[in-house]
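Here are the chains, one letter per residue:
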Amino acid sequence: MGSKGLWRAGVLALTAALVTACGGASTPTDPYLWLEELDSPRVQQWVATENARTLGVLEQDPRFAGNLAEATELGKSPDRLPFPTLRDGGVDNFWQDGDHTRGVWRTTSVAEYESPQPNWRTVLDLDALAAGESKNWVWKGVGCDPVTHKRCLISLSEGGEDAVTVREFDRITNRFVPDGFVLPRSKQSVSWVDENTLLVSREWQPGETTTSGYPYIVKQWHRGESLTDAVELVRGDKTDGLATSPVLLDNGNGRRLSLVQRSPSFWENEVSLVAGTGLVRVALPPKSDLQGFAGNRILVSLRQDWTTDGATFTAGSLVSLDADELTADPTRLRARPVYVPSASQTLESVLTARDRIVVTSLDDVKGRATVYTPQPDGSWSGSPVPLPDNATIDAVDADSAGSLAYLTVTSFLDPATLWQLDTATGSVAPVKTSPRQFDSSRYVVEQQKATSPDGTRVPYFVVHAADMKFDGTNPTIMYAYGGFGSSMTPNYNGLMGRLWLDRGGVFVLANIRGGGEFGPAWHEAALTTNRQRAFDDFAAVGRDVIDRKITAPSHLGIQGGSNGGLLMGVELVQHPELWQAVAIEVPLLDMVRYEQIAAGASWVGEYGSVADPVQRAFLESISPYRNLRPGVRYPEPFVWTTTKDDRVGPQHARKFAARLAEFGDPYLFYEATEGGHGGGTNIDEKARTSALEFTYFMRKLM
């Protein structure tokens, strides 16, 4: 028996010993249920054994050291673009580099920020805080009070998990507030009412969470009171799919509305206005989302058709509501259209300035931006923002009390450029650009379309050298997500350029159904028992790049994370003949038990539930973990996850690897101890994971 056979026999012996020590297999059909234990000694032993084997392969590859050096250099580059947050007339930024591994929260003026070398003032040094408190603090965001803007609630996570500790910070003294608001670790959400009052949703007593582990009780908490004195305002239901959370709408000019949003499922919301007499339900449709508050207009995006006050608005539209009318009678709403998409368009995001809004959208997966101005009769007029075409346009931030907004423009071959937009005049100008990290002049981008089995045309992008030979020999990485209405758009990736394109590789981005590239209908086409459409779309794109002789199965690798990790697992099982490499990142893989793992129960609206016989049958039919079969030649996957992922959970990846080991199939498995669902809490962790993944692809495809 060779060294690989000896290793695999050892893993199987360890697995058998641990199962036996537990009194035998946990269930007749799932001998690896014990790997769902989050961090027990036997799981730690199993993970350590797997990690040692995988790192022994990838880190010993002669290319790994160079890959790691490149990833670290790019991650710590001091001339990266510092993304701005406009707050109280200035610019805030959270920044990580070689000297600030965990990061610093810093601030400057708008004029300084737009200068070539801004003079930043540190507000909070997270590295110093973590060292002083012996905590692995990870920054999870900040929200400042809407009245004075001087007291802020900072959310900190240990190791990157979604659960956070919330602490009040004084921006004048640069100190945490003595006897200020403190919320111990929990999955929780909080909003200010005024400088002395909060609305808080958290696990108040053990077990007071929904089936997916999120809070459903909202209480009002006043300064100076004990947390136990907070007064209950509303509670959702323990059977809710997601959470009940407070929401503050602030127009930046002294008008605020406190609301509570209950989410019975991932795609349904019930919004109530917090009024003097209690809560009053707002007559919004279930599939809608609050997008902001500008002037006297509340912005709402629709994921379903909606008829109100005699007018009908189509799914995918953005509408506005008069705030005075809403507060006078939340049960009767009159809406006005703002943005109405065509079949090729989709709403992406909304920024609110003092009396105008900025809408970013896609048109055939190409970015657009428009400034909308309210008219005296309640309608809106739109003015397109003249920005580069064939690019991705992302909303960054806007001054809710003024007219300044920032947008970024990027593409596969052009690094992000930050543009300043004056929403009052419509003037726009670039102010900062990230440095080029590879010579993009050598490459071209094409947009192609593949035909899915049901006849749907599925667009995808190909990035390749201009002189590439169409002979089927080009090493190719293909990426997709295909879920939760999230749009995948062109984005500059210096590491992909240096480590892949510059070495003769090709990159493909597939815009499959389940995403949001063409609005709610594109997303809903692949919901629950229709999800096979997304898997078919991806396979169709794979076949199309093969048919075009861009690559061949022996040179084609695929990559995806989270829901995209599920996609990768399905593609490995359903089409093992199409791929040579499969990178499965922080994935869902056991779709029969996903509702019992981490926050899985919150995604029933996306995937369906085993409680429904029809949906269970479908989940069983597509579950990668349940559909692995002995005797099939699967491509060797690289499956990685993190122990601190309290959203999807590392259990899926572990069980999948154990099943592959049982069948004697080749695979690589790696579990980082820190990182949460994002796969890394700092630059070094992210660089290591990237280096491992690129080394894997090079080994398999180049």
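Residues numbered from 1 in each chain as written. Predicted model: local features only at pLDDT ≥ 70, side-chain atom pairs only at ≥ 80, totals over all residues. Heavy atoms only, no water.

Visitor: Just to check I follow, could you spell out the overall build of the chain for this structure?
Guide: For the chain, the helix and strand inventory stands at 15 helices and 39 strands. The C-alpha atoms of the chain give a radius of gyration of 25 Å, which matches the 27 Å a tight globule of 702 residues would have. By its C-alpha atoms, the chain is 75 × 60 × 55 Å across when sized along the principal axes. Within the chain, buried positions represent 57% of all 702 residues. Excluding contacts between residues fewer than 6 apart, the proportion of contacts in the chain whose partners are at least 24 apart in sequence is 58%. Carbon and sulfur atoms make up 50% of the accessible area of the chain, which totals about 26,600 Å². (Helix = DSSP H or I, 4+ residues; strand = E, 2+ residues; numbered from the N terminus. Rg over C-alpha atoms; globule rule 2.2 N^0.38 Å. Buried < 20%, exposed > 50% of the residue type's maximum accessible area, 1.4 Å probe, protein only. Contact = heavy atoms within 4.5 Å. Areas by Shrake-Rupley, 256 points an atom, 1.4 Å probe, with all protein chains shown as cover.)

Visitor: Explanation requested: the sheet that holds strand E22 (residues 318-322) in the structure shown.
Guide: Adjacent strands of a sheet form backbone hydrogen bonds with each other and so pair up, either parallel or antiparallel. If you walk across this open sheet you meet the four strands as E18-E19-E22-E23, and the pairing is antiparallel. This sheet does not close on itself; its edge strands, each paired only once, are strand E18 (288-294) and strand E23 (335-339). Put simply, the sheet's adjacent strands are angled 30° from each other on average, direction ignored. In terms of strand pairing, E18 meets strand E19 (residues 297-302) through six bridges, oriented antiparallel. Residue pairing in the sheet places Leu290 in a bridge with Val300 of E19. (Pairing = 2+ DSSP bridges. Axes fitted to C-alpha atoms, helices over the stretch in contact; angles between N-to-C directions.)

Visitor: I keep staring at the sheet that holds strand E2 (residues 90-97) and nothing clicks. Help me out?
Guide: Taken in spatial order, the four strands of this open sheet run E1-E2-E3-E4, and their pairing is antiparallel. This sheet does not close on itself; its edge strands, each paired only once, are strand E1 (85-87) and strand E4 (121-125). Between one strand and the next, the sheet's axes are offset by a mean angle of 30°, whatever the strand orientation. Contacting E2, strand E3 (100-109) and E4, helix H5 (residues 126-133) runs over the sheet at an angle of about 135° to E3.

Visitor: Quick question: what am I supposed to make of the UniProt feature "domain: Peptidase S9A N-terminal" (unreviewed entry) in the chain here?
Guide: Per the UniProt record, "domain: Peptidase S9A N-terminal" (unreviewed entry) is found at residues 29-432. In the segment residues 29-432, helix accounts for 12% and strand for 47%; the C-alpha atoms at its two ends are 57 Å apart. (UniProt positions renumbered as here; feature names shortened; annotations may be inferred.)

Visitor: Would you mind going over helix H15 (residues 683-701) with me for this structure?
Guide: An α-helical turn contains 3.6 residues, so a residue and the one three or four places further along point in the same direction. With 19 residues, H15 extends 26 Å from end C-alpha to end C-alpha; this agrees with the ideal 27 Å at 1.5 Å per step. Buried residues of H15: Ile683, Ala687, Thr689, Ala691, Leu692, Glu693, Phe694, Thr695, Tyr696, Phe697, Met698 and Leu701, and no others. Where H15 starts, the residue carrying a side-chain oxygen 3.1 Å from the main-chain nitrogen of Asp684 turns out to be Asn682. (Expected span 1.5 Å × (residues − 1). Polar contact = N/O pair within 3.5 Å; in protein donor to acceptor, adjacent residues only side chain to side chain.)

Visitor: I keep staring at helix H12 (residues 613-622) and nothing clicks. Help me out?
Guide: Residues of H12 that are buried include every one of Gln615, Phe618, Leu619 and Ile622, and no others. Around the axis of H12, the buried residues are gathered within 100° of arc, so they sit on the same side. In this fold, the buried residues of H12 make contact with helix H9 (532-547), helix H10 (563-574), helix H11 (604-607) and helix H13 (624-627). For H12, the side-chain oxygen to backbone nitrogen distance between the N-cap and Val614 is 2.9 Å, and the N-cap itself is Asp612. (Arc of directions from axis to C-beta.)

Visitor: I keep staring at the state of the cysteines and nothing clicks. Help me out?
Guide: What is meant by a disulfide is a covalent connection between two cysteines, made through their sulfur atoms. Inspection of the entire model under this criterion finds one disulfide. Residue pairing for Cys144: its cysteine sulfur links by disulfide to Cys152, the two sulfurs lying 2.0 Å apart. Taking the torsion about the sulfur-sulfur bond, which here is approximately 95°, the covalent link between Cys144 and Cys152 counts as right-handed. In terms of burial, Cys144 and Cys152 fall into one category: buried. (Disulfide = S-S within 2.5 Å.)

Visitor: What should I look at first to understand the packing of H9 against H10 in this one?
Guide: Working note: a packed helix pair is described by the angle between its axes plus the distance between those axes. Where H9 contacts H10, the two axes come as close as 10 Å, and the packing angle between them is 70°. Classified by the interaxial angle, the pair formed by H9 and H10 is roughly perpendicular. Here H9 and H10 pass one another in a crossing that is right-handed. Touching Gln532, Ala534, Phe535, Phe538 and Ala539 of H9 are Leu567, Met568, Val570, Glu571 and Gln574, all from H10. Taken together, the residues of the contact of H9 with H10 break down into seven nonpolar, two polar and one charged. (Parallel < 35°, antiparallel > 145°, perpendicular 65-115°, else oblique. Left-handed = near helix turned anticlockwise from the far one by under 90°. Nonpolar A, V, L, I, M, F, W, Y, C, P; charged D, E, K, R; others polar.)

Visitor: Quick question: what am I supposed to make of the confidence of the model for the chain here?
Guide: A residue-level look at the chain finds 96% of positions with pLDDT of 70 or above and a mean pLDDT of 94. For residues 1-28, every residue scores under 50 in pLDDT, and the model assigns this stretch 36 contacts once sequence neighbours within four places are set aside. (pLDDT = per-residue confidence, 0-100.)

Visitor: Would you mind going over the environment of Ser486 with me for this structure?
Guide: Along the chain, Ser486 falls in the loop between strand E34 (476-479) and helix H7 (494-499). Residues Ser486 and Glu517, 31 residues apart in the sequence, show an inter-C-alpha distance of 7.3 Å. Ignoring sequence-local partners within four residues, the contact set of Ser486 consists of Tyr481, Gly514, Gly515, Gly516 and Glu517.

Visitor: What is the right way to look at the pattern of salt bridges in this model?
Guide: Pairing between side chains of opposite charge can happen when their charged atoms approach one another. Using the criterion set out here, one finds 43 salt bridges in the structure. For Glu73, the salt bridge is made with Arg498, and the minimal N-O distance between the two is 3.5 Å. Of the two residues, Glu73 is situated in helix H3 (residues 64-75) and Arg498 in helix H7; the sequence distance between them amounts to 425 residues. By relative accessible area, Glu73 is classed as partly exposed at 47%. Between Asp162 and Arg647 there is a salt bridge, and its shortest N-O distance comes to 2.8 Å. (Salt bridge = Lys/Arg side-chain N within 4 Å of Asp/Glu carboxyl O.)

Visitor: Got a minute to help me understand the pairing of strand E16 (residues 268-275) in this structure?
Guide: Regular strands show a simple pattern: their side chains alternate between the two faces of the sheet. In terms of strand pairing, strand E15 (residues 256-265) meets E16 through five bridges, oriented antiparallel. In the sheet register, Arg262 faces E16, and the bridge partner there is Glu270. Here E16 pairs with strand E17 (residues 278-281) via four bridges, running antiparallel. Bridge assignment links Val274 to a residue of E17, and that residue is Leu279. Counting the residues between successive antiparallel strands, the hairpin from E16 to E17 contains two residues.

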